[in-house]
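# Structure assessment
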Amino acid sequence: AAPLELVLSADAAGQVANCTVWEPVTGSVLLTYRGGNTSHRGLAVLGGQYLLGGQLGKNYINVWELQRRDQLQQKIVCPGPVNCLSASPNGLYLVAGIAESIYLWEVSTGHLLAILNSHYQDVTCLTFTDDSSHIISGAKDSLVLVWGLYSVLQVETSRGPEPRYVWSRHSLPITDVQCGIGGPQARVATSSLDQTIKLWDICSGDLLVSVLFDVRITSVAFDPAEYHLFCGGSDGVIYQVDLYTTPEQRERPFHPEQEMVFKGHRNQVTCLSVSLDGSMLISGSHDETVCVWDIQSKQSLRSVPHRGPVTNVFIIAAPSNMLRAESKPSFPLPHFSKHLQGAEGCEGPESGGVILRLGKQQGSKENTYLQRADQLQSLLGESEGKNLSGLVEQLRSRTSELEEELNVVRKINKDLFDFSARIITKQ
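Residues numbered from 1 in each chain as written. Predicted model: local features only at pLDDT ≥ 70, side-chain atom pairs only at ≥ 80, totals over all residues. Heavy atoms only, no water.

Going by an unreviewed UniProt entry, the chain carries the name WD repeat-containing protein 18 and comes from Xenopus laevis.

Dropping the structure here:
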């Protein structure tokens with residue numbers, strides 16, 4: 001019989017395969033996807049049709065059809081190396097963390113819809129709510145941002161998108177972000193190098209609980225019923241946190257007890273995932289192994305070796321077409337743009353997409369293309385007789401100076417942040 005659940009795992013070496021698909025009960029390998037290696041939190045399944053992997057240290061995303069495992073279908077070229085990647089559950093959108101920016105694409109057209117620039121350091125993790133209505137991002141600047149997708153798409157062109165919430169209660173870089181079920185009423189769990197995990201409510205934006213550990217927390221995961229949180233530590237131990245303790249405490253330390261920890265890894269736990277029935281926990285570690293745990297007994301059922309530090313592991317319901325070599329994707333992937341729609345260098349109308357304006361832009365007073373053409377013609381007329389070439393050279397020179405100043409400020413900001421982080425972690 002075909003398996004109901006599959007585990008997808010990837011390691012930093014990528015010698016045997018970029019991604020391996022195996023059955024959690026028996027541990028038998030079913031599929032392998034070859035070509036390159038995937039960055040940490042850079043693996044995603046798009047619409048049950050494609051597998052995406054952000055290439056480690058490179059500025060592109062590898063794309064495989066789920067059925068054609070030995071052949072890359074295409075590469076999505078990005079403006080920079082991809083730190084993290086996530087696909088919306090409805091298969092309509094793709095987001096990638098590139099440096100301190102978040103890039104949002106529409107899958108059906110390949111258009112770059114928005115670039116979100118509210119983080120100050122590199123983005124480390126991205127996820128969608130289960131109804132694809134919100135994006136949650138975490139970064140090295142210790143901030144967690146919640147973005148309403150509708151607000152991002154209908155924002156006025158005169159100003160950039162702004163997050164719905166800015167959660168700033170962590171003091172060190174964010175290592176993982178996980179979202180429960182419930183769409184805009186879901187809860188979000190975040191982990192950080194400041195040795196805490198925090199639970200937030202999207203509806204109100206409030207902090208519900210904060211748990212303090214004795215070690216840095218590098219990954220976090222809900223069980224399906226959201227009764228427990230599983231927290232992977234830098235010491236290789238996985239801690240189980242009960243979310244329904246009495247009396248309730250907003251801030252509380254974690255007291256490790258033998259029945260509330262999973263011991264077996266020899267290095268930090270990089271990623272966690274729970275089976276759909278809540279009986280098994282899957283964990284990946286820098287010790288180059290993936291472990292399958294029985295949650296009730298806290299015992300390791302099996303350990304699957306890898307060739308390098310594990311960068312991604314998660315369990316999914318088996319797509320119906322993944323194990324059928326004769327099936328084909330129900331939709332083709334278009335060429336993905338590196339530039340915002342309408343910006344210089346964008347593919348333009350020949351890409352065949354349809355632009356929809358949502359919300360306030362439906363009745364906006366934005367000029368039509370003919371009006372813009374008339375304005376441009378009048379501006380060109382006014383500039384006759386002026387030395388345009390000299391003006392262009394001045395603008396280019398000034399732009400270069402500003403870019404150099406910005407790079408210097410960014411480097412100073414990063415050095416100060418790294419220095420502060422080292423001082424804090426030594427205390």
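## A look at the overall build of the chain
We apply this condition: A run of DSSP states H or I qualifies as a helix once it reaches four residues; a run of E qualifies as a strand once it reaches two. Both are numbered from the N-terminal end. Accessible area is worked out with a 1.4 Å probe on protein chains only. A residue is then buried under 20% of its type maximum, exposed over 50%, and partly exposed in between. Contact definition: two residues touch when any of their heavy atoms are within 4.5 Å.
The helix and strand inventory of the chain stands at 3 helices and 29 strands. A burial count over the chain gives 48% of its 427 residues as buried. Pairs at least 24 residues apart make up 48% of the contacts formed inside the chain by residues separated by at least 6 positions.

## Points about the UniProt feature "repeat: WD" (unreviewed entry) in the chain
What counts, and what does not: UniProt positions are given in the numbering used here, feature names are shortened, and annotations may be inferred rather than shown by experiment.
UniProt's feature table lists "repeat: WD" (unreviewed entry) at residues 116-157, 188-210 and 262-303, given in the numbering used throughout. The annotated region residues 188-210 carries 0% helix and 65% strand content, and the separation between its end C-alpha atoms amounts to 12 Å.

## Re the pairing of strand β9 (residues 93-98)
What counts here: A pair of strands is labelled paired if DSSP reports no fewer than 2 bridges between them.
With respect to burial, β9 is a largely interior element, 6 of its 6 residues being buried. Pairing analysis gives 5 bridges linking strand β8 (residues 82-87) to β9, with the strands arranged antiparallel. The residue of β9 that forms the bridge with L85 is A96. Counting the residues in the hairpin turn of β8 and β9 gives 5 residues, including G91, whose phi is positive at 75°. Pairing of β9 with strand β10 (residues 101-106), which is carried by 6 bridges, proceeds in the antiparallel orientation. Paired with V95 across the strands is L104, a residue of β10. In this structure, the hairpin formed by β9 and β10 is closed by a connection of 2 residues, where A99 is found at a positive phi of approximately 55°.

## Side note on the packing of aromatic side chains
Using the following cut-off: Here is the rule: rings of Phe, Tyr and Trp (six-membered ring for Trp) pair when centre to centre is within 6.5 Å. Planes less than 30 degrees apart are stacked, more than 60 are edge-to-face, and the remainder are tilted.
Following the criterion strictly, the structure yields 12 aromatic pairs and no others. Here the aromatic rings of W105 and F336 are separated by 6.1 Å at their centres, their planes lie at 75°, and the arrangement is edge-to-face. One end of the pair, W105, is in strand β10; the other, F336, is in the loop between β29 (310-317) and α2 (369-382), and 231 residues separate them in sequence. An identical accessibility class is assigned to W105 and F336; each is buried. These aromatic residues form a ring-pair network of at least three members: Y103, W105 and F336.

## A short note on the sheet that holds strand β20 (residues 217-222)
What the 4 strands build is an open sheet, ordered β20-β21-β22-β24; its pairing is antiparallel. Edge positions in the open sheet fall to β20 and β24 (261-262), since each of these has one partner strand only. Pairing analysis gives 2 bridges linking strand β22 (residues 238-242) to β24, with the strands arranged antiparallel. Note on β24: the bridge partner recorded for I238 is F262.

## Considerations on the sheet that holds strand β3 (residues 29-33)
Put simply, the rule reads: To define axes, lines are fitted to C-alpha atoms, for helices over the stretch in contact only, and angles between the resulting N-to-C directions are given on a 0 to 180 degree scale.
Pairing within the open sheet is antiparallel, and its 4 strands lie in the order β3-β2-β1-β29. Each having just a single partner strand, β3 and β29 make up the two edges of the open sheet. Taking the axes of each pair of neighbouring strands and ignoring which way they run, one obtains an average angle of 20° across the sheet.

## Overview of the side chain of E100
Condition: Polar contact is the term for a pair of N or O atoms within 3.5 Å; when the atoms are in protein, one must be able to donate a hydrogen and the other to accept it, and sequence-neighboring residues count only if both atoms are side-chain atoms.
Mapped onto the elements of the fold, E100 is located in the loop between β9 and β10. Classification of E100 by relative accessible area gives buried; the value is 18%. Engagement of the side chain of E100 in a polar contact is seen with the side chain of R410, the distance being 3.1 Å.

## What to know about unusual backbone geometry
Backbone geometry places E226, a non-glycine residue, at a positive phi of 60°. With respect to the helices and strands, the residue E226 is situated in the loop between β20 and β21 (228-233). Look at E226 and you get buried, because its relative accessible area is 8%. For K298, which is not glycine, the phi torsion reads 65° and is therefore positive. Its location among the elements puts K298 in the loop between β27 (289-294) and β28 (299-305). Assessed through its relative accessible area of 15%, K298 is described here as buried.

## A short note on the pattern of salt bridges
Inclusion rule: Only one rule defines a salt bridge in this text: a Lys or Arg side-chain nitrogen within 4 Å of an Asp or Glu carboxyl oxygen.
Tallied over the entire structure, the rule returns 7 salt bridges. Among the salt bridges present, the one from R398 reaches E401, with a minimum N-O distance of 3.3 Å. A residue pair is termed a helical-turn pair when its members lie 3 or 4 positions apart in one helix, as R398 and E401 do in helix α3 (residues 388-426) at 3 residues. In this structure, the salt-bridge partner of D415 is K411, at a minimum N-O distance of 3.0 Å. Of the two residues, D415 and K411 both sit in helix α3, 4 residues apart, roughly one turn of that helix. On the basis of relative accessibility, which here comes to 39%, the residue D415 falls in the partly exposed class. Assessed through its relative accessible area of 54%, K411 is described here as exposed.

## Some details on the nonpolar core
Convention followed: Buried Ala, Val, Leu, Ile, Met, Phe, Trp, Tyr and Cys residues form a nonpolar core when they are joined through side-chain atoms within 4.5 Å.
If you look at the biggest cluster of nonpolar residues, it comprises 20 residues, and the most contacted ones within it are L52, L85, L94 and W105. When contributions to this core are tallied by element, the ones reaching two or more residues are β4 (38-46), β5 (50-55), β6 (60-65), β8, β9 and β10. V215, V220, C231 and V261 belong to the second largest nonpolar core, which has 18 residues in total.

## Details of a nonpolar patch on the surface
Let me state the cut-off plainly: Within the patch definition used here, like charges are joined within 9 Å and nonpolar side chains (Val, Leu, Ile, Met, Phe, Trp, Tyr) within 5 Å, considering only residues with over 30% relative accessible area and no salt bridge. For accessible areas, the Shrake-Rupley method is used with a probe of radius 1.4 Å. Any residue's cover is judged against the shown protein chains and nothing else.
A cluster of nonpolar side chains, namely V408, I412 and L416, defines an oily patch on the protein surface of about 280 Å² accessible area. As for its placement among the helices and strands, V408 is situated in helix α3. Look at V408 and you get partly exposed, because its relative accessible area is 48%.

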